[in-house]
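What follows is each chain in one-letter form.
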Amino acid sequence: MKIEEIIKSNVKMSEAKKAVLNIIYTQNVVNDSFSEILKPYDLSSEQYNVLRILRGQKGQPANMFVIQERMLAKTSNTTRLVDKLLLKDFVTREVCPENRRKIEVHITQKGLDVLTSLDPKVIEHEEKFAANLNPQELVQLNELLEKFRTK
């Protein structure tokens, strides 16, 4: 369905405006679907992102700066996200012994178990959205999106 039909607009738009609206609309469709997957686990997509970052540390701690720089949403309040994950026992937070100003965050076994449970659902979600594109189109889409956001 064309973006003009989706937003019920019959105003002539530039291709640049249509591209931006298509990206925003598509992001919302993907995010809404992803939120439904996370809902039973009482996780937001940002909290999920923090858990994935910590799992990627392979047992090593990550400080708040490392987490923040790897976040997909750079505006996320990392401290607040970690606090919420602490309440769920998905992470631990400790003061770094070498630098008392640095806070180290580890993923717990409970956090790892949640990710293990979510992994097949996330893969299915990604593949559902990719199903209408062939492998070459997926490569092209990724290249175009990377090119589009380059300033």
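To be clear, the structure that these remarks concern was listed above.
Throughout what follows, the structure given in this document is the object of discussion. Counting restarts for each chain: residues are numbered from 1 in the order of the written sequence. The predicted nature of this model means local features are confined to residues of pLDDT at least 70 and side-chain atom pairs, given and counted, to a pLDDT of 80 or more, with totals for whole chains, interfaces and linings taken over all residues. Each side-chain value is worked out from all heavy atoms of the structure, with water and hydrogens disregarded.

**Considerations on the overall build of the protein**
At step 1: Runs of H or I in DSSP of at least four residues are treated as helices and runs of E of at least two as strands, each being numbered from the N terminus. The helix and strand tally for the protein stands at 7 helices and 3 strands.
At step 2: For the protein, the sequential pattern of α-helices and β-strands runs α-α-α-β-α-α-β-β-α-α.
At step 3: By the compact-globule yardstick of 15 Å for 151 residues, the protein is too spread out, its C-alpha radius of gyration being 19 Å.
At step 4: In terms of its C-alpha atoms, the protein occupies a principal-axis envelope of roughly 60 × 35 × 30 Å.
At step 5: A buried classification covers 28% of the 151 residues belonging to the protein.
At step 6: A total accessible area of about 10,800 Å² is found for the protein, and carbon and sulfur atoms account for 55% of it.
At step 7: Across the protein, the mean location of the 24 positive side-chain charges is 5 Å away from that of the 21 negative side-chain charges. This radius of gyration counts C-alpha atoms alone. The globule rule is 2.2 Å times how many residues there are, raised to the power 0.38. The cut-offs for exposure are 20% and 50% of the maximum accessible area for each residue type, with area from a 1.4 Å probe on protein chains only; residues under the lower value are buried, those over the upper are exposed, and the others partly exposed. Note that accessible areas follow from Shrake-Rupley with a 1.4 Å probe, and for residues the cover is restricted to the protein chains shown. For the purpose of counting charges, residues Lys and Arg are taken to be positive, whereas Asp and Glu are taken to be negative. His and the chain ends are not included. Lys charges are placed at NZ, Arg charges at CZ, Asp charges at CG and Glu charges at CD.

**Describing the packing of aromatic side chains**
At step 1: Pairing of aromatic side chains requires ring centres within 6.5 Å, counting the rings of Phe and Tyr and the six-membered ring of Trp. Pairs whose planes differ by under 30 degrees are stacked, by over 60 edge-to-face, and all others tilted. In this structure the tally under the stated criterion is 1 aromatic pair.
At step 2: With a centroid separation of 5.2 Å and 75° between ring planes, the pair formed by Phe34 and Tyr48 is classed as edge-to-face. With a gap of 14 residues between them, Phe34 in helix 2 (residues 15-38) and Tyr48 in helix 3 (residues 45-55) connect regions that are remote in the sequence.

**Here we look at the nonpolar core**
At step 1: Grouping buried Ala, Val, Leu, Ile, Met, Phe, Trp, Tyr and Cys residues that are joined through side-chain atoms within 4.5 Å yields what is termed a nonpolar core. Counting 26 residues, the largest nonpolar core has Leu43, Val50, Leu51, Leu54, Ile67 and Leu118 as the members making the most contacts within it.
At step 2: Breaking this core down by element, the ones donating at least two residues are helix 2, helix 3, helix 4 (64-70), helix 5 (78-87), strand 3 (103-107) and helix 6 (109-130).
At step 3: Tallying contributions element by element places helix 3 first for this core, with 5 residues.
At step 4: Only heavy atoms matter for contacts: two residues are in contact if any of them lie within 4.5 Å across the pair. Excluding residues that lie within four positions of it along the chain, Val50 makes contacts with Ile67, Met71, Leu81, Val82 and Leu85.

**Quick look at unusual backbone geometry**
At step 1: You will see that Asp42, though not glycine, has its phi angle at about 55°, which is positive.
At step 2: For Asp42, the location among the structural elements is in the loop between helix 2 and helix 3.

**As for the side chain of Glu104**
At step 1: Secondary-structure assignment places Glu104 in strand 3.
At step 2: One speaks of a salt bridge when a side-chain nitrogen belonging to Lys or Arg is within 4 Å of a carboxyl oxygen belonging to Asp or Glu. No salt bridge is formed by the buried Glu104, whose closest oppositely charged neighbour, Lys102, lies at an N-O distance of 5.0 Å.
At step 3: If near-sequence neighbours (up to four positions away) are discounted, Glu104 is found in contact with Pro61, Ala62, Thr92, Arg93, Glu94, Cys96 and Pro97.

**Some details on the layout of surface pockets**
At step 1: Residues are called lining when one of their atoms sits within 4 Å of a cavity or pocket point, these points coming from a 1 Å grid over the protein atoms alone, where a cavity is a set in which a 1.4 Å probe fits but cannot get out and a pocket is an open set with protein on both sides within 12 Å along at least five of seven lines. Grid points are joined across faces, edges and corners, and a volume is the space filled by probe spheres set on the points. Here the largest pocket defines a volume of roughly 1,800 Å³.
At step 2: If you go around the largest pocket, you meet 35 residues; those closest to its centre are Thr26, Gln27, Val30, Asn31 and Leu145.
At step 3: Taken together, the elements giving at least two residues each to the lining of the largest pocket come down to helix 2, helix 3, helix 6 and helix 7 (135-149).
At step 4: Per-element accounting of the lining of the largest pocket gives the leading share, 10 residues, to helix 7.
At step 5: Residues belonging to the lining of the largest pocket are distributed by class as follows: 16 nonpolar, 11 polar and 8 charged.
At step 6: A volume near 210 Å³ is recorded for the second largest pocket.
At step 7: Around the second largest pocket sit Met1, Lys2, Ile3, Glu4, Ile6, Asn22, Tyr25, Thr26 and Val29, which together line it.
At step 8: Take the lining of the second largest pocket: its biggest share by element is 4 residues, from helix 2. By the convention adopted, Pro, Cys, Tyr, Trp, Phe, Met, Ile, Leu, Val and Ala count as nonpolar, Lys, Arg, Asp and Glu as charged, and the other residues, Gly among them, as polar.

Just geometry here; none of it tells us what the structure is for.
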